[in-house]
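Residues per chain, in single letters:
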Amino acid sequence: MSHPYENQIRDELSQSLSLIEPGLHLVGTEYRVPNVHGTRGRIDILARDAHGSWVVIEIKRADGPARQALHEVTKYTELLREERGIRKDRIRAIIISTTWRELLTPVSNVARDWSHDLRGYKLILDSNGKPVQAQRVAFLPAPVAPRVSSHHFIYFYNSPGDRDQGWQEIVDRAAEVGGHNLLGADFRRVDRMDLVRAPFGLYFAIGGVDPDDLPDWIKESCEDLGDPEIEDPVEYEVLSHVTGSVFAADFDNARPGILRGLHDDPCWQIEGYRAAGAFAKRGLLDERDLLRDLNGEGEGIGEVLYSGSARTTDRGRWPVFLQEGTRSLSGNPAWERLVQEWLTNVAFQPTECDVHLHIYNPCDLIGALLHGWPEDLERRVPMLSAIAITRDGPHRSLNGQLYWDGVKIPDIAERVRGVYREPLDWGIANSTGGGWEADLQLIEELRLHYILRERIGENPIKPSKDDEIAVWMLQNGLPVRLSAPFSRLHERGWQGIYPFSSFVHEHQDQLASLVTEFRDALAFQPL
């Protein structure tokens, strides 16, 4: 049998469009679509469907020319919209080919992301080359990167060799219950090793588990959990199985964000990463990617820390970037609203921006004081920074921290006792998940405020006297942007906008006494 030419298939198919779908009726073949920019072409078949939408049909008969189909169908769709003034929701596209070996992957990708409805059909010809059937092509699902769950754990070992053996035990025990995907990091103590019983750490997280791989008894355990507070219950059961059968010199619980703290702590050093299952295929990823994965920064599951970046015009990355920082801002409604408002404002600028965002949001002022007083406090308190860089400027930078309104507090200990009646109440609030609510109350009692300070200028790094300065804050629950000078704040009883360090300086003796009281009551010894 000789293969018919595309124009023969086109002419035959145009007379029997019902082979593709019921209700299609012909508008024309070889429909010419010029435009003012000089781009032009001819649509193989232009039709309208039963709902009145326009349908661009592109025909290819073999793998070689089939690769041109995507270019042509996307071009013709846009030209037709321009020529006819058709709304985006009123135009569709169909690609028809006798073979889909080369075409399936690229068309599947475009169909997932394109704003128009795109479908594919495999055309069946009879012995005379006449179309007799059109089979709907099932597009490929989107590739899914291996997912890190919210269930993490840390083992400590006496030597690197013990740690290597421990990793193999973790991999084996997890595989027994379907947990084939694991991601881990080796770290060790580099300072004051005498403070650590076993200085060689192994941090690991359970990756997503395929329910079909679970043994029946694990499935029953997951069904019996019934606790809506437990995220990823299947992965939780896998971790429970591992920790119940693998032992080391010491261990500790972990969660998304903990590894970032170890990475940033000069007392610890990340030595390398380990992977099993689907994670082992990610050979092109560098250490920065793996660190982000283990901190949940790629999926917005980091509870305290987030670092990420995106370009405002990147339609794929930007919406995900907007969501990624949300989890790390939970428990801090002021920053959550203000950051969302600022990022939206940046995205609406007429020029595209590269935006970098870093968040540290512990929501635990008492914890910061106990761990950081007095020399290390600055690193323990909430911090947020962002920068939006444009090609030609001006650039926008954002700094967030706790700011003080300048009104001195004569009775800090008394105000703390109004929130935590005794030091033990602080520990209970944090262990039961309600610490952030108490922390918000304490922040208010101490006349501290979550505020963002913005600077707009030509140099994103070096300030200038000509830069525009503004603050973003909540007023009556709504985000507002105030430009300097801040006279409106004076009207509300503020004496100024002072950084947290000024609050500490003005109340140093009171804070020192408070820290001593809490440390003595809790037998707390900071490293």
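Enquirer: Give a detailed account of the layout of surface pockets, specifying residues and quantitative values.
Expert: Quantified by volume, the second largest pocket comes out at close to 450 Å³. Surrounding the second largest pocket, 18 residues form its lining, Ala334, Glu444, Leu448, His449 and Tyr450 being those nearest its centre. Mapped onto the lining of the second largest pocket, the elements with two or more residues apiece are helix H11 (333-347), helix H15 (435-445), strand E16 (448-457) and strand E17 (468-475). The leading source of residues in the lining of the second largest pocket is E16, at four residues. Taken together, the residues of the lining of the second largest pocket sort by class into ten nonpolar, four polar and four charged.

Enquirer: Residues and numbers for the packing of aromatic side chains, please.
Expert: In the structure shown here, the tally under the stated rule is 14 aromatic pairs. Judged by centre distance (5.9 Å) and plane angle (85°), the ring pair of Phe156 and Phe187 falls under edge-to-face. Residue Phe156 is found in strand E7 (residues 148-157), and its partner Phe187 is found in strand E8 (residues 182-189); the two are separated by 31 residues along the sequence. Exposure remark for Phe187: the relative accessible area of 0% places this residue in the buried category. Taken together through their ring pairs, the aromatic side chains of Phe153, Tyr155, Tyr157, Phe204 and Phe251 make up a single cluster.

Enquirer: Break down the environment of Ile206 for me, citing the residues and quoting the values.
Expert: If you trace the backbone, Ile206 turns up in strand E9 (residues 200-207). A sequence separation of 23 residues divides Ile206 from Leu183, and the C-alpha atoms of the two residues are 6.9 Å apart. When sequence neighbours within four positions are dropped, the list of residues in contact with Ile206 reads Arg147, Val148, Ser149, His151, Asn181, Leu182, Glu235, Val238 and Leu239.

Enquirer: Help me get a handle on the pattern of salt bridges, residues and values and all.
Expert: Here the structure, examined in full by the defined rule, presents 32 salt bridges. Asp232 is the partner of Arg147 in a salt bridge, and the nearest nitrogen-oxygen pair spans 3.3 Å. On the criterion of sequence distance, the pair formed by Arg147 in the loop between strand E6 (131-136) and E7 and Asp232 in the loop between helix H6 (216-225) and helix H7 (233-243) is long-range, its members being 85 residues apart. Arg147 sits in the partly exposed class, given a relative accessible area of 29%. For Arg163, the salt bridge goes to Glu271, with nearest N and O atoms at 2.7 Å. A residue pair is termed long-range when its members are at least 10 positions apart, and Arg163 in helix H5 (residues 160-176) and Glu271 in strand E11 (residues 268-276) qualify at 108 residues.

Cut-offs and rules
Residues numbered from 1 in each chain as written. Predicted model: local features only at pLDDT ≥ 70, side-chain atom pairs only at ≥ 80, totals over all residues. Heavy atoms only, no water. 1 Å grid on protein atoms, 1.4 Å probe; cavity = no way out; pocket = protein on both sides within 12 Å on 5 of 7 lines; lining within 4 Å. Points joined across faces, edges and corners; volume = space filled by probe spheres on them. Helix = DSSP H or I, 4+ residues; strand = E, 2+ residues; numbered from the N terminus. Nonpolar A, V, L, I, M, F, W, Y, C, P; charged D, E, K, R; others polar. Phe/Tyr/Trp six-rings, centres within 6.5 Å; stacked < 30°, edge-to-face > 60°. Buried < 20%, exposed > 50% of the residue type's maximum accessible area, 1.4 Å probe, protein only. Contact = heavy atoms within 4.5 Å. Salt bridge = Lys/Arg side-chain N within 4 Å of Asp/Glu carboxyl O.

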